Structures are given as C-alpha cells and as structure tokens.
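# What the coordinates show
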Amino acid sequence: MIALIIVSLLLGCCNAFFVTLPTQRVISRSDQSIVCNAHAHEDGDGDGKYSLATSSRRQAIGYSMLAIGSTLPLQEAAASGVTEETSTAQPYTVMLSIILDPSKPEELSEIEIECRPDWAPLAARRFKELVQLGFYNNCPFFRVLPGFIAQFGISSDPTLNKRWLYCDTSDEAAAKLCRAPLVDEPRTQPNKRGTLSFASSGKTSRRTQIFINTADNSGPPNLLDLQNFVPFARVVTGMEIVTQLNSEYGGKVSQGKAAYYGGEYFSKVFPKLSVIKEAKLLS
C-alpha cells in the first residue's frame, strides 16, 4: 500500500486536466494530465476496491507532475535536448488500430497519424519511442470531450507507467529506470482540428499523455496555442473514427488509479472506453 500512496502523491491534486468554464474549455496549466482527487466520491468511479480514500490509502494525491520532473531520479535528465539526430529526423507514420466498442473487439477501425519531427523534434522522438515500446497497445481513450479533445496515454501495463509516467520511489529498480519528462520546445504549428499534442502542466512536464484536437483549439475559446501546447503530428485519415470514440465517461476516470492499476482499473470500472488495440510504426 505504501507504493500506492506514493503514486497518488506524485500524480497531482486536481480533479481534471481540462477545466470547463461557462464559455470555454481550457487545459489548465496547474492541473496536468496525470492528476486525480484524493477522495473517491469525487473521482466518479464509485468502486471501493480502487478507492484512494480507504483507510490504508487515504493520503492520496499531492504533488503535481511538474515536481516529478524536477526532483526525482531521472535517467535522461542530461540528455533531453534537441540533437542533430532529432532536428534532421524524417516524418514517419503510425497506424492506430481502434476498438470503438469493447463488446465488439473483432470490429477494428484505423486512425493514420503522420508525425512531423520538423514541427516538434523532441515530441516526435518520444512518441516514436513509446510506440516502438508498445506503450500505447491496449491503451484506452480515457478522456473524450466532443468538440474539444480525445486524450490517451496511460498504459494498461502498470509497470510501464512506473517507468514513464511517474517514479515509484518505493521500488528501487523502477526509480532507477524512471524516464525524464521532455524539455520544452517552441510551438511551430497551431492546435488545429486533427493535430496531436502532448499534455503538460508547465515547464518540462510532457511525458506520455497525448490529445487529439477534435476542433480548432488554437484560438478562442480554448486558446491552447497561448498555453503553448505543441502539436507534433496530425491525423491523415480516420478523423471520422476519432469523432466516434466513446465519450460517455467524460472526465470521470481517476488518472492516479489508472496509472497505478492499469488495465484492471480501466476494464472493471470503465469497461466501455474505446481502446487502441495496437499502435504500429509503418515508416
């Protein structure tokens, strides 16, 4: 249980990465993509087994992901900048095989993504590395807000989350393998419909979570460009699939619990989430 408490402390103190205002939806810079609330009744899942508010897990959720990037042991801390290799890398294609309805796993759809290192070389390199690792296989779209974004990037494998999403300092081996967040890079493209950007919470905080813009979020009312979310890829084919992703859960998924329990939590508490069955590098 000590590990779960540490995970919770690392994964933030807020209830949502996207804050809905009366006239606009804004990605909060103080809320990061990896956050959840310490009290189960505010998480929205209502499942006691996964509650972070039960007696032995009560001290959930404290520090933001920004703290992780600056204080924990990180394998890549000195090697996160743009190199000649990243700056001259060529575009590549990733195909996402999508299960829109988990009750029909045999029915697959596809989303083709063109990744552009010339837009954001660090983001493009990290995404490629995670795809090759299999991080996004069996990964759900855990937050789908129609007319705004579709977000994914919490692995169904808790072991991968330990290494890439947070540093579990109670696990010495995992802590040594903890990967650094990406350093910031300039935005060169607008957050137009169909572009992909990494979620972030401030300086040097991009890790694994990504959202697809399902509307033009570059300007009002969402103003993602002003918040410096950096597009690194675009959907080439399959935007009609993106608009069909299951949105019934909205922002109810507790990201802290999802990161700790992985696929077990997703399948038992949010069984209808649309899922990336496989993310495959094509070129």
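Residues numbered from 1 in each chain as written. Predicted model: local features only at pLDDT ≥ 70, side-chain atom pairs only at ≥ 80, totals over all residues. Heavy atoms only, no water.

### Points about the overall build of the protein chain
Within the protein chain, the secondary structure is distributed over ten helices and ten strands. Looking at the protein chain residue by residue over its 283 residues, the buried ones come to 57%. If you take every contact in the protein chain between residues at least 6 apart in sequence, the share linking residues at least 24 apart comes to 72%. Roughly 11600 Å² of accessible area belongs to the protein chain as shown, and the carbon and sulfur atoms make up 53% of that amount. (Helix = DSSP H or I, 4+ residues; strand = E, 2+ residues; numbered from the N terminus. Buried < 20%, exposed > 50% of the residue type's maximum accessible area, 1.4 Å probe, protein only. Contact = heavy atoms within 4.5 Å. Areas by Shrake-Rupley, 256 points an atom, 1.4 Å probe, with all protein chains shown as cover.)

### Re the nonpolar core
Counting residues in hydrophobic clusters, the biggest one holds 37 residues, and the most contacted among them are Ile98, Phe127, Tyr136, Phe141, Phe152, Leu196 and Phe232. Broken down by element, the residue count for this core peaks at five residues, all from helix H5 (residues 121–133). Those residues in contact with Phe141, other than ones at most four positions away along the chain, are Ile98, Ala150, Gln151, Phe152, Ile212, Leu245, Leu273, Ser274 and Ile276. (Core = buried A, V, L, I, M, F, W, Y, C linked by side-chain atoms within 4.5 Å.)

### A look at the environment of Trp164
One can find Trp164 in helix H6 (residues 158–164). For Trp164, a relative accessible area of 2% gives the class buried. Along the backbone, Trp164 and Cys178 are 14 residues apart, and their C-alpha atoms lie at a distance of 6.2 Å. Here Trp164 is in contact with Arg126, Glu129, Leu130, Leu133, Phe135, Arg179, Arg207 and Thr208, once residues within four sequence places are set aside.

### Comments concerning the environment of Asn246
Summarising the element assignment, Asn246 is placed in the loop between helix H8 (239–242) and helix H9 (255–261). In contact with Asn246, not counting residues within four places along its chain, are Val144, Lys272, Leu273 and Ser274. A distance of 2.6 Å separates a polar atom in the side chain of Asn246 from the backbone oxygen of Lys272. (Polar contact = N/O pair within 3.5 Å; in protein donor to acceptor, adjacent residues only side chain to side chain.)

### Quick word on the sheet that holds strand S7 (residues 195–198)
Sheet architecture is closed into a barrel: eight strands sit in the order S3-S4-S9-S7-S8-S6-S5-S10, paired in antiparallel fashion. Strand-to-strand twist in this sheet, taken as the mean axis angle between neighbours without regard to direction, amounts to 35°. When strand S4 (residues 109–115) meets strand S9 (residues 231–237), the two strands line up antiparallel, connected through four bridges. Bridging from a neighbouring strand, Ile113 pairs with Val235 of S9. (Pairing = 2+ DSSP bridges. Axes fitted to C-alpha atoms, helices over the stretch in contact; angles between N-to-C directions.)

### Structural notes on the packing of aromatic side chains
A ring pair, where both rings are aromatic, is described by two values, the distance of the centres and the angle of the planes. For the structure on display, the rule yields eleven aromatic pairs. Judged by centre distance (5.6 Å) and plane angle (75°), the rings of Phe211 and Phe229 are edge-to-face. Of this pair, Phe211 sits in strand S8 (residues 210–213) while Phe229 is found in the loop between S8 and S9, placing the two residues 18 residues apart along the sequence. Joined through ring pairs, the aromatic side chains of Phe127, Phe135, Tyr136, Phe141, Phe152, Phe198 and Phe232 make up one cluster. Stacked on the ring of Tyr92, the Lys or Arg Lys128 has its end atom at 5.2 Å from the ring centre. (Phe/Tyr/Trp six-rings, centres within 6.5 Å; stacked < 30°, edge-to-face > 60°. Lys NZ or Arg CZ within 6 Å of the ring centre and 35° of its normal.)

### Overview of the pattern of salt bridges
Pairs can form between side chains of opposite charge once their charged atoms are near each other. Using the criterion set out here, one finds eight salt bridges in the structure. Across the pair Arg179 and Glu129 runs a salt bridge, and its minimum N-O distance is 3.0 Å. Here Arg179 is found in the loop between helix H7 (172–176) and S7, whereas its partner Glu129 is found in helix H5, with 50 residues between them in sequence. Classification of Arg179 by relative accessible area gives buried; the value is 7%. (Salt bridge = Lys/Arg side-chain N within 4 Å of Asp/Glu carboxyl O.)

### Some words on the pairing of S9
As paired strands, S7 and S9 are joined by three bridges and run antiparallel to one another. Note that in S9 the partner of Leu196 across the bridge is Ala233.

### Observations concerning H5
Between its first and last C-alpha atoms H5 spans 18 Å; for 13 residues at 1.5 Å apiece the expected length is 18 Å, and the two agree. Along H5, the positions that sit buried rather than exposed are Pro121, Leu122, Ala123, Ala124, Arg126, Phe127, Leu130 and Val131. Count one or two residues on from H5 and you reach Gly134, which has phi positive near 90°. (Expected span 1.5 Å × (residues − 1).)

### Topic: the confidence of the model for the protein chain
Averaged over all residues, the pLDDT of the protein chain is 78; the fraction at 70 or higher stands at 69%. Confidence drops under a pLDDT of 50 for residues 12–43, and excluding neighbours within four residues, the segment shows 116 contacts in the predicted structure. Below pLDDT 50 for its whole length, residues 53–80 participates in 91 contacts with residues either more than four positions away or in separate chains. (pLDDT = per-residue confidence, 0-100.)

### What about unusual backbone geometry?
In terms of backbone geometry, most residues other than glycine have negative phi values and most peptide bonds are trans. The omega angle of the peptide bond from Pro220 to Pro221 is 5°, so this bond is cis rather than trans. The backbone of Asn138 shows a phi angle near 60°, a positive value even though the residue is not glycine. In this structure, Asn138 sits in the loop between H5 and strand S5 (139–145). A positive phi angle, near 55°, is found at Leu223, a position not held by glycine. On the secondary structure map, Leu223 appears in the loop between S8 and S9.

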